Amino acid sequence: MSDPGLDELLEVGLVVKPHGVLGQLAVRPHNPHSLAFEEEALEIYIDMPGRETKARVKRLGQSRGNLLISVEGIRTRDQAEAMRGQRVFIAKTALELDEGEYLYADLEGCGIWQGDQNYGKVVQIFESGASDILVVRDANGERMIPMVEPWLKSVDVSSKRIEIEGIEQFEVVEPRKK
C-alpha cells in the first residue's frame with residue numbers, strides 16, 4: 001500500500017519540543033479531545049522541510065496538555081530537537097467515524113445552502129460548549145451558524161454541501177482580522 005497523499009492526511013498537532021534524553025517528542029494536539037493518538041501502532045507523518053517523514057508511534061504518554069510520543073527512528077534528544085515546530089499528520093483512514101460524524105477539515109470549504117440559494121462557504125469551525133459553530137463567509141461578510149437542529153438539516157461531505165434552514169436569523173458581520 002502506498003503512502004497517502006496530502007489530501008488524505010489530517011493535521012492533528014505540532015511538535016513543540018523534545019521530551020527527555022531518549023528522543024521523545026512533546027506534541028501539542030490541535031484538538032485535546034481527539035482520539036487520533038489512542039492507538040499504540042499509529043503511523044504518523046511529520047512535515048519536514050522538503051520531505052515528509054513517516055514514522056510509527058512506539059509509546060504514548062501525556063504531560064501538561066502535550067502528548068508524549070516515542071517514534072521509531074528518533075532515539076536522541078538532538079534528533080527530537082530537529083523535529084521542533086513540525087506539523088504532525090495521520091491518515092484520515094486511520095480514524096473510524098460513525099454515521100453523522102465529520103472531520104472539521106472536511107467541512108471547511110463546504111457550501112452553505114438553504115434551498116437552491118448558496119450563502120457562502122465554511123471558513124472555520126469551532127466548539128462553543130453547546131454545539132460546534134460554522135463560520136460562513138460570503139461577499140457580504142460572515143455568519144456564525146450552530147451545527148444543531150433546527151438549523152442544520154444535512155451534511156454531504158462528498159458534495160461539499162451543507163443544507164441549513166433559518167439563515168436569516170444569523171446576522172452578517174464584517175470578517176474578523178487575522
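Counting restarts for each chain, with residues numbered from 1 along the sequence as it is written. Restriction of local features to residues with pLDDT of at least 70 applies here, the model being predicted, together with a cutoff of 80 or more for giving and counting side-chain atom pairs; totals for whole chains, interfaces and linings are based on all residues. Processing note: side-chain calculations cover all non-hydrogen atoms of the structure and skip hydrogens and water entirely.

(A) Structural context of the overall build of the protein chain. Each helix corresponds to a stretch of at least 4 residues labelled H or I by DSSP, and each strand to a stretch of at least 2 residues labelled E; elements are numbered beginning at the N terminus. Looking only at helices and strands, the protein chain features 2 helices and 12 strands. N-terminal to C-terminal, the α/β element order of the protein chain is β-β-β-β-β-α-β-α-β-β-β-β-β-β. Buried positions account for 38% of the 178 residues belonging to the protein chain. Taking the intrachain contacts of the protein chain between residues at least 6 apart in sequence as the baseline, contacts between residues at least 24 apart amount to 52%. Residue burial considers only the protein chains on display, and all accessible areas are found by Shrake-Rupley using a 1.4 Å probe. As displayed, the protein chain has an accessible area near 10,900 Å², and 48% of this comes from carbon and sulfur atoms. When accessible area is computed with a 1.4 Å probe and restricted to protein chains, residues below 20% of their type maximum are described as buried, those above 50% as exposed, and intermediate ones as partly exposed. Contacts are residue-level and defined by heavy atoms, with any inter-residue pair within 4.5 Å sufficient.

(B) Looking closely at the nonpolar core. Grouping buried Ala, Val, Leu, Ile, Met, Phe, Trp, Tyr and Cys residues that are joined through side-chain atoms within 4.5 Å yields what is termed a nonpolar core. Residues Leu25, Phe37 and Ile44 are the most contacted members of the largest nonpolar core, which totals 21 residues. Broken down by secondary-structure element, the contributors of at least two residues to this core are strand S1 (9-19), strand S2 (24-29), strand S3 (43-48), strand S4 (51-63), strand S5 (66-71) and strand S6 (87-91). Once residues within four sequence positions are removed from consideration, leucine 25 is found in contact with Val15, Lys17, Ile46, Leu67, Leu68, Ile69, Val71, Ile74, Ala80 and Met83. One finds Ile112, Leu134, Leu152 and Ile164 within the second-largest nonpolar core, a separate group that totals 17 residues.

(C) Structural view of the environment of tyrosine 45. With respect to the secondary-structure elements, tyrosine 45 resides in strand S3. With relative accessibility at 3%, the residue tyrosine 45 sits in the buried group. With 45 residues separating them in the primary sequence, tyrosine 45 and isoleucine 90 have C-alpha atoms 6.0 Å apart.

(D) Layout of the packing of aromatic side chains. The aromatic pairing rule takes the rings of Phe, Tyr and Trp, using the six-membered ring of Trp, and pairs them if the centres are within 6.5 Å, calling planes under 30 degrees apart stacked, those over 60 edge-to-face and the rest tilted. For the structure on display, the rule yields 1 aromatic pair. Plain terms: the ring middles of tryptophan 151 and phenylalanine 170 are 5.4 Å apart, the flat faces sit at 70° to each other, and that makes the pair edge-to-face. Separated by 19 residues along the polypeptide, tryptophan 151 in the loop between strand S10 (141-146) and strand S11 (152-156) and phenylalanine 170 in the segment after strand S12 (161-164) bring together distant segments of the chain. An identical accessibility class is assigned to tryptophan 151 and phenylalanine 170; each is buried. Working rule: Lys NZ or Arg CZ, within 6 Å of ring centre, within 35 degrees of ring normal, means a charge sits over the ring. The aromatic ring of tryptophan 113 is capped on one face by arginine 161, whose charged end is 4.2 Å from the ring centroid.

(E) Representation of a negative patch on the surface in the model. Patch definition: residues above 30% relative accessible area lacking any salt bridge, with like charges linked at up to 9 Å and the nonpolar side chains Val, Leu, Ile, Met, Phe, Trp and Tyr linked at up to 5 Å. The working definition used for a salt bridge is a side-chain nitrogen of Lys or Arg within 4 Å of a carboxyl oxygen of Asp or Glu. Residues scored as positive are Lys and Arg, those scored as negative are Asp and Glu, and His as well as the terminal groups of each chain are ignored. Lysine's charge is taken at NZ, arginine's at CZ, aspartate's at CG and glutamate's at CD. Judged by side-chain charge, Glu96, Asp98, Glu99 and Glu101 come together as a negatively charged surface patch. As for its position among the elements, glutamate 99 is in the loop between S6 and helix H2 (104-107).

(F) The sheet that holds strand S8 (residues 117-127), seen in detail. Pairing is mixed across the open sheet formed by 6 strands, whose spatial order is S10-S9-S8-S7-S12-S11. A single partner strand is all that each edge strand has here, and the edge strands are S10 and S11. When strand polarity is set aside, the average angle formed by the axes of neighbouring strands in this sheet is 35°. Whether two strands pair comes down to DSSP finding at least two bridges between them. As paired strands, S8 and strand S9 (residues 132-138) are joined by 6 bridges and run antiparallel to one another. Throughout, an axis means a line fitted to C-alpha atoms (over the contacting stretch in the case of helices), and angles, computed between N-to-C directions, take values from 0 to 180 degrees.

(G) Layout of the pairing of S5. Burial within S5 is extensive, with 6 of its 6 residues counted as buried. The alternating pattern of S5 places Asn66, Leu68 and Ser70 on one face and Leu67, Ile69 and Val71 on the opposite face, and all of these are buried. Direction of pairing for S2 relative to S5: antiparallel, over a ladder of 3 bridges. By the bridge assignment, valine 27 is partnered in S5 with leucine 67.

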